[in-house]
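Inside the fold
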Amino acid sequence: MSEQALYAQLELAFRRFYIKLFRYGRGELAKFGISGSQFNIIVTVYFQGPQSLKDLCERLVLAPSTISEMIVRMEDAGLVIKKKDEQDKRKILIDLTEESKKIVISVIDARVRYVKELSQGIDKKQLEVLRDTLESMLECQE
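Residues numbered from 1 in each chain as written. Predicted model: local features only at pLDDT ≥ 70, side-chain atom pairs only at ≥ 80, totals over all residues. Heavy atoms only, no water.

What follows covers the overall build of the protein. For the protein, the helix and strand inventory stands at six helices and three strands. In sequence order, the secondary structure elements of the protein are arranged as α-α-β-α-α-β-β-α-α. Expected size for 142 residues packed as a compact globule is a radius of gyration near 14 Å; at 18 Å, the protein overshoots this value by more than 25%. Along the first, second and third principal axes, the C-alpha atoms of the protein reach 60 × 30 × 25 Å. In the protein, 50% of the contacts between residues at least 6 apart in sequence involve partners at least 24 apart. With an accessible surface of roughly 10,200 Å², the protein has 55% of that area assigned to carbon and sulfur atoms. Here the protein contributes 23 positive and 22 negative side-chain charges, whose respective centroids are spaced 3 Å apart. (Helix = DSSP H or I, 4+ residues; strand = E, 2+ residues; numbered from the N terminus. Rg over C-alpha atoms; globule rule 2.2 N^0.38 Å. Contact = heavy atoms within 4.5 Å. Areas by Shrake-Rupley, 256 points an atom, 1.4 Å probe, with all protein chains shown as cover. Lys, Arg positive; Asp, Glu negative; His and termini not counted. Charge placed at Lys NZ, Arg CZ, Asp CG, Glu CD.)

Rendered as structure tokens:
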């Protein structure tokens, strides 16, 4: 097999796995009545800490108007709160409510269970090699 064919097969395998995980995740989000974009904001704040609108726009590659509209809806739904930055009182940060933190944990736990389900019959050592290989690929791009 040529090197190009191998990379094409890798890309296809990644894409197929991503689509399965993405679709499953969307089903989990539907249980909470939130969109994928809203979940992306919640996950970003969950793992990165409170964010300014500007930071969210840059991290999620979305227009300020899009983020602003989503934040208003999320605030009305009790998913996020706005608070003043302690270091720069002019700056407003977006933080999570306890409800949105519970959603992140629940969705990630469900996705982990799904990955386990998809991995049935695969030896633990193979899974460890896969994990390490994926981590190495990601580290090469940082």
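This paragraph deals with the pairing of strand β3 (residues 92–96). With four of five residues buried, β3 is to be regarded as a mostly interior element. Two elements, strand β2 (residues 80–84) and β3, share five bridges in a ladder whose sense is antiparallel. Residue pairing across strands places isoleucine 81 opposite aspartate 95, the latter belonging to β3. (Buried < 20%, exposed > 50% of the residue type's maximum accessible area, 1.4 Å probe, protein only. Pairing = 2+ DSSP bridges.)

Further remarks concern the environment of leucine 29. Residue position: leucine 29 is located in helix α1 (residues 3–32). The spacing of leucine 29 and serine 106 is 77 residues in sequence and 9.6 Å in space, taken between C-alpha atoms. The contact partners of leucine 29, leaving out residues within four places of it in the chain, are Ile34, Ser35, Gly36, Phe39 and Val107.

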